[in-house]
Amino acid sequence: MRCQVDGQIATITLDSPANRNALSRALVAELTSALRAAGQDAGIRAVVLTHTGGVFCSGADLSEARQRPGGDTQAGPAPGSDGQAGMADATTAMMTVMTTIVQLAKPVIAKISGHVRAGGMGIVGACDIAVATEEATFAFTEARIGLAPAIISMTTLDLIRPRAASRYYLTGETFGGTVAAQIGLITEAISSGNIDDAVARVAGQICETSPQGAAETKRLLTAGRRHRMAADSADLAALSARLFASEEAQEGIRSFLERRAPAWRR
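What comes next is a walk through the structure. Remember, predicted model here, so these are calculated numbers, not experimental data.

## Topic: the pattern of salt bridges
Pairs can form between side chains of opposite charge once their charged atoms are near each other.
Phase 1: Overall, the coordinates contain 10 salt bridges when judged by the stated rule.
Phase 2: A salt bridge links D128 to K218, with the nearest nitrogen and oxygen atoms 2.9 Å apart. Residue D128 is found in the loop between α4 (119–126) and β7 (129–133), and its partner K218 is found in helix α9 (residues 211–245); the two are separated by 90 residues along the sequence.
Phase 3: Two residues, R167 and E173, come together in a salt bridge whose shortest N-O distance is 2.8 Å.

## Observations concerning the sheet that holds strand β6 (residues 115–117)
Phase 1: Spatially, four strands are ordered β4-β6-β8-β9 in an open sheet, and the strand pairing comes out mixed. Both edges of this open sheet fall to β4 (55–57) and β9 (175–176), since each of them pairs with a single strand only.
Phase 2: For β6 and strand β8 (residues 137–139), the ladder comprises two bridges, and the chain directions are parallel. In the sheet register, R117 faces β8, and the bridge partner there is A139.
Phase 3: In the packing of α4 onto the sheet, contacts are made with β4, β6, β8 and β9, and the angle to β6 comes to roughly 105 degrees.

## Focus: the environment of A189
Phase 1: Mapped onto the elements of the fold, A189 is located in strand β10 (residues 188–190).
Phase 2: Taking C-alpha positions, A189 is 22 Å from I9, a pair spaced 180 residues apart along the chain.
Phase 3: Discounting residues that sit within four places of it in the chain, A189 has contacts with A132, E134, G177, T178 and A181.

Rules and cut-offs
- Residues numbered from 1 in each chain as written.
- Predicted model: local features only at pLDDT ≥ 70, side-chain atom pairs only at ≥ 80, totals over all residues.
- Heavy atoms only, no water.
- Salt bridge = Lys/Arg side-chain N within 4 Å of Asp/Glu carboxyl O.
- Helix = DSSP H or I, 4+ residues; strand = E, 2+ residues; numbered from the N terminus.
- Pairing = 2+ DSSP bridges.
- Contact = heavy atoms within 4.5 Å.
- Axes fitted to C-alpha atoms, helices over the stretch in contact; angles between N-to-C directions.

Okay, structure coming up:
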């Protein structure tokens, strides 16, 4: 991951294209730390969250969620712990990232020029403004591998039109940037050649507001979401961890990593 400050704008870049910017425990920790550092810097007025490579974020690092024979997760939770406990830590960390974005006193702008899947959708939803290219694609893929969009529902379900949420949550189908804007997931879909200027323009406009005005306005906009996160995050993290540790989800994860159809589709 890379961080760069240009004037009053901090740009945080997810820079792990080899694993499609998957949300490994290490990346989640680095991202949380970078966001908090930007929030504590009085000179920074806006944060741009972007990526290298063709994928903004592919969601959870499934190699860490796969269990070894005997029950331990592939990435290795602490000796004596089980796979569910290991994924509980990972899901709690993911919730921390989304909560950090929502609670940050600085507006966060997602700049998306690639594909977004699963947990990456939760990060996009947590951002205050999201600008994507028309060619970017999005999908809530959890149900296809035996999971549910539990944690990421906290930052997406309140944005998307109810009928669209039902369709895309339940089918896991892929949709483009234009549709993402139409259903409310993102702010704007724009041609790839214009995204840099569009994001720079929005960030510049934020920098023209007062720090207090921007911070308090964001608090108003996120009030309902913050209350729901405080009330429901523990239960949703536990649900996510339980599903990850289930036999059905482990088959879904194995089938994804092995590039084959899961057992329920044979």
